Amino acid sequence: MNGTTMNKALKCVTLNHVHWFLIFVAAASLGFAYVAEHGYNIIPCDFCLYERCVYAAVIIVGLLGLKTNFLKGQRGIFAQLFVLSIGIILTGYHVGMEQHWWTGPASCTGIQTATTLEDFRAQLMTKARTRCDQISWVLFSVSATVWNLVLQAGLAFLTSLSLYLPDGQNKE
């Protein structure tokens, strides 16, 4: 694809298209996560649930960017980049826990100490939660958390490129 063809293709892209793209990818990611959980019984850990909130926030910011004047134009793109940055930080921390580069919170890594008999009894009676430092499933020898990090970083990169759309296209 030469430069002229690329410029013609870019003339069709607006910030509204970027919001729609992010909404679609976030909804597909959430759908994939729910199918894995409910269809294949892959139980998410606490951090996996936090990372789902990031995708929900991307959808909300995208809809607000499409429907309100407050997040129109580049302001909406910067809001999307902020949400994706939070997701990258959360997911990066989760990857570090899975790889045992650092320990996560005791509630997520299964390291819980009971100080009294009542605390111990309460721990026994609660349903066992999936640990955040255990890899729940892999695809091509890469954990789902790493794939999530790659997806969020790629979305942030593509979203940041939209700030360089030719004048007039980045004002929507």
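Sequence order sets the numbering: in each chain, residues are counted from 1 along the sequence as written. Predicted model: local features are reported for residues with pLDDT of at least 70 only, side-chain atom pairs are reported and counted for 80 or more only, and whole-chain, interface and lining totals are derived from all residues. Note that water and hydrogens are dropped before the side-chain values are worked out from all heavy atoms of the structure.

S.K.: Got a minute to help me understand a nonpolar patch on the surface in this structure?
M.R.: Residues enter a patch when their relative accessible area is above 30% and they make no salt bridge; the linking distance is 9 Å between like charges and 5 Å between nonpolar side chains (Val, Leu, Ile, Met, Phe, Trp, Tyr). Surface accessibility follows the Shrake-Rupley procedure with a 1.4 Å probe radius. Residue values consider only the protein chains on display as shielding. Criterion for a salt bridge: a side-chain nitrogen of Lys or Arg within 4 Å of a carboxyl oxygen of Asp or Glu. Together, Phe21, Phe157, Leu158, Leu161 and Tyr164 make up a nonpolar patch on the protein surface, roughly 580 Å² of accessible area in all. Per element, the largest residue contribution to the nonpolar patch is three residues, and it comes from helix α7 (residues 144-161). Each helix is a run of H or I in the DSSP string that is no shorter than four residues. Each strand is a run of E no shorter than two, and both are numbered from the N terminus. Here Phe157 shows up in helix α7.

S.K.: Looking at this model, I keep getting lost on the nonpolar core. Mind explaining?
M.R.: Across soluble globular proteins, you tend to see nonpolar side chains buried next to one another. Counting 21 residues, the largest nonpolar core has Leu22, Val58, Ile77 and Leu84 as its most contacted members. Elements that contribute at least two residues to this core include exactly α2 (15-40), α3 (46-67), α4 (74-98) and α7. It is α2 that provides the largest number of residues to this core, a total of six residues. The contact rule is simple, with two residues in contact once any of their heavy atoms fall within 4.5 Å. Other than its neighbours up to four places away in sequence, Leu22 contacts Val58, Gln80, Leu84, Leu155 and Thr159. Core analysis: the second largest hydrophobic core is formed by five residues, Cys45, Phe47, Cys108 and Cys132 among them. Each nonpolar core is a collection of buried residues, namely Ala, Val, Leu, Ile, Met, Phe, Trp, Tyr and Cys, held together in the definition by side-chain atoms within 4.5 Å. For the exposure calls, accessible area comes from a 1.4 Å probe over protein chains only, and a residue counts as buried if that area is under 20% of its type's maximum, exposed if over 50%, partly exposed in between.

S.K.: Teacher, can you tell me more about the packing of aromatic side chains here?
M.R.: The description of two aromatic rings rests on the distance between their centres and on the angle between their planes. Two rings from Phe, Tyr or Trp (for Trp, the six-membered ring) form a pair when their centres sit within 6.5 Å of each other. Planes less than 30 degrees apart are called stacked, planes more than 60 degrees apart edge-to-face, and all others tilted. Summed over all chains, the structure comprises five aromatic pairs. Taking the centre distance of 5.4 Å and the plane angle of 70 degrees together, the rings of Phe47 and Tyr50 count as edge-to-face. Highlighted residues: Phe47 and Tyr50, both in helix α3, separated by three residues, approximately one helical turn. With a centroid separation of 6.1 Å and an interplanar angle of 65 degrees, the aromatic rings of Trp101 and Trp102 are classed as edge-to-face. Since its relative accessible area comes to 59%, Trp101 is described here as exposed. By the ring-pair criterion, three or more aromatic residues cluster together here, those being Phe47, Tyr50, Tyr93, Trp101 and Trp102. Geometrically, a lysine NZ or arginine CZ counts as sitting over a ring once it is within 6 Å of the ring centre and also within 35 degrees of the ring normal. The ring of Tyr34 has Arg52 lying over it, and the distance from NZ or CZ to the ring centre is 4.7 Å. Directly above the ring of Phe70 sits Arg75, whose terminal nitrogen or CZ lies 5.1 Å from the centroid.

S.K.: What is the right way to read the packing of α3 against α4 from this model?
M.R.: Each pair of packed helices can be summarised by the angle the axes make with each other and by the distance between the axes. Axis lines are fitted to C-alpha atoms, over the contacting stretch for helices. Their N-to-C directions set the angle, which ranges from 0 to 180 degrees. The interhelical angle for the contact between α3 and α4, taken along N-to-C directions, is 170 degrees, at an axis separation of 10 Å. Here α3 lies roughly antiparallel to α4, going by the angle between them. When α3 is examined against α4, the residues Phe47, Cys48, Tyr50, Glu51, Val54, Ala57, Val58, Val61 and Gly62 are found in contact with a partner set consisting of Gly76, Ala79, Gln80, Val83, Leu84, Gly87, Leu90, Thr91, Tyr93, His94 and Met97. Orientation is classified from the angle alone, with under 35 degrees giving roughly parallel, over 145 giving roughly antiparallel, 65 to 115 giving roughly perpendicular, and any other angle giving oblique.

S.K.: I would appreciate a short explanation of unusual backbone geometry in the present structure.
M.R.: If a residue is not glycine, its phi is most likely negative; likewise, a peptide bond is most likely trans. The backbone phi angle of Phe140 is positive, close to 55 degrees, even though this residue is not glycine. Within the secondary structure, Phe140 is located in the loop between β1 (138-139) and β2 (142-143). Its relative accessible area of 69% is what places Phe140 among the exposed residues. The backbone of Ser141 sits at a positive phi, close to 65 degrees, despite the residue not being glycine. Note on placement: Ser141 falls in the loop between β1 and β2. For Ser141, a relative accessible area of 75% corresponds to the exposed category.

S.K.: What should I look at first to understand the side chain of Glu37 in this one?
M.R.: Along the chain, the position of Glu37 falls in helix α2. Glu37 sits in the buried class, given a relative accessible area of 17%. When neighbours within four sequence positions are excluded, Glu37 is seen to be in contact with Ile42, Pro44 and Arg52.

S.K.: Help me out: how do you make sense of the pattern of salt bridges in this one?
M.R.: Side chains that differ in sign of charge can pair as their charged atoms come close. All told, the structure shown has one salt bridge when counted by the stated rule. Two residues, Glu37 and Arg52, come together in a salt bridge whose shortest N-O distance is 2.7 Å. Within this pair, whereas Glu37 is found in helix α2, its partner Arg52 is found in helix α3, the two being separated by 15 residues in sequence. Of the two residues examined, Glu37 and Arg52, each falls in the buried class.

Note that every value here comes from positions in space, so none of it alone points to a role or purpose.
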